[in-house]
Amino acid sequence: MSTPTLLAVAHGTRNPAGPETVRALLDRVRALRPWLEVAEAYAEIASPLLEDVAAVADGPVIAVPLMLARGYHALVDIPGRLRLSSDGWNGHTVMARPLGPHSLLGAALVDRLSAGRKADAVVLGAAGSSDPAGISDVRVAARLLARRLQRPVSYGFVAAGEPSLAAVVDDLRRRGARRVAVASYLLAPGFFHDRTLAAGADHVGPPIGAHDAVARLILRRYDEALVRGRLGSQVAAAG
């Protein structure tokens, strides 16, 4: 079997800076592993959509969801659509884990937070999820960032889930924090980052974006899925 294509599947946004960020990130992945075929796709809104890429895929594929936590897209939507498109992939498709939580994301967040590290309080601002697993992943990500910064880090959400980021920022102020900084737990600019900027913090770091640590993490998730897929093929053959 040929080396599987790495299919990176991002959420998608109407903000053109979103796909630009994803492409810059995937360029870093290609620079780290130039012999690997890397394809770009989106779950919704932006193009090319997952199904459009599936229609022209040739050979085995490992889909890596560019999601920072578990949730509907990573656990249900993308795997389900891949199964429906399995004929186009010659039946050889393996789904990788979402990117987060992981210490490499913590390293990227510290870099992006920049001057915000000197604030009185730091909050991890995430999109959120209706899935308890996604909420749990963000909680772990906040702990990983706290370990990097060697200080407490709260977390809050700008879409689904509690607590809301604005409420967390307000609560920290009531408890005496004069300057509150938010580390943006988002991959690219778009609607969710706009809401993060509107949450009332004194400093908001940019989305994680095209960072070398994230490029390495994408390849790590690809390699994990590659090993799992080969082991699964061996078990199926033995059966």
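Quantities reported herein were computed from a predicted structural model and do not represent experimental measurements. (Residues numbered from 1 in each chain as written. Predicted model: local features only at pLDDT ≥ 70, side-chain atom pairs only at ≥ 80, totals over all residues. Heavy atoms only, no water.)

Caption draft 1: Geometry of the sheet that holds strand β7 (residues 180–185). If you walk across this open sheet you meet the four strands as β6-β5-β7-β8, and the pairing is parallel. Each of the sheet's edge strands pairs with one partner strand only, and the pair in question is β6 (153–157) and β8 (203–204). Sheet topology note: the β7/β8 ladder contains two bridges and is parallel. Pairing of Ala181 across the sheet is with His203, part of β8. Across the face of the sheet, helix α6 (residues 165–174) comes into contact with β5 (121–126), β6 and β7 while running at roughly 145° to β6. (Pairing = 2+ DSSP bridges. Helix = DSSP H or I, 4+ residues; strand = E, 2+ residues; numbered from the N terminus. Contact = heavy atoms within 4.5 Å. Axes fitted to C-alpha atoms, helices over the stretch in contact; angles between N-to-C directions.)

Caption draft 2: A look at the confidence of the model for the protein. Per-residue confidence for the protein gives a mean pLDDT of 89, with 92% of residues at or over 70. Every residue in residues 231–239 scores below 50 in pLDDT, and together they form zero contacts with partners more than four places removed in sequence or on other chains. (pLDDT = per-residue confidence, 0-100.)

Caption draft 3: Region of the structure containing the pairing of β6. Among the five residues that make up β6, four are buried, leaving the element largely enclosed by the rest of the structure. Strand direction decides the pairing type here: β5 and β6, joined by five bridges, are parallel. Following the sheet pairing, Val122 is matched in β6 by Val153. Handedness of the crossover joining β5 and β6 through helix α5 (residues 132–149) is recorded here as right-handed. (Buried < 20%, exposed > 50% of the residue type's maximum accessible area, 1.4 Å probe, protein only. Right-handed = clockwise from strand over helix to strand, strands pointing away.)

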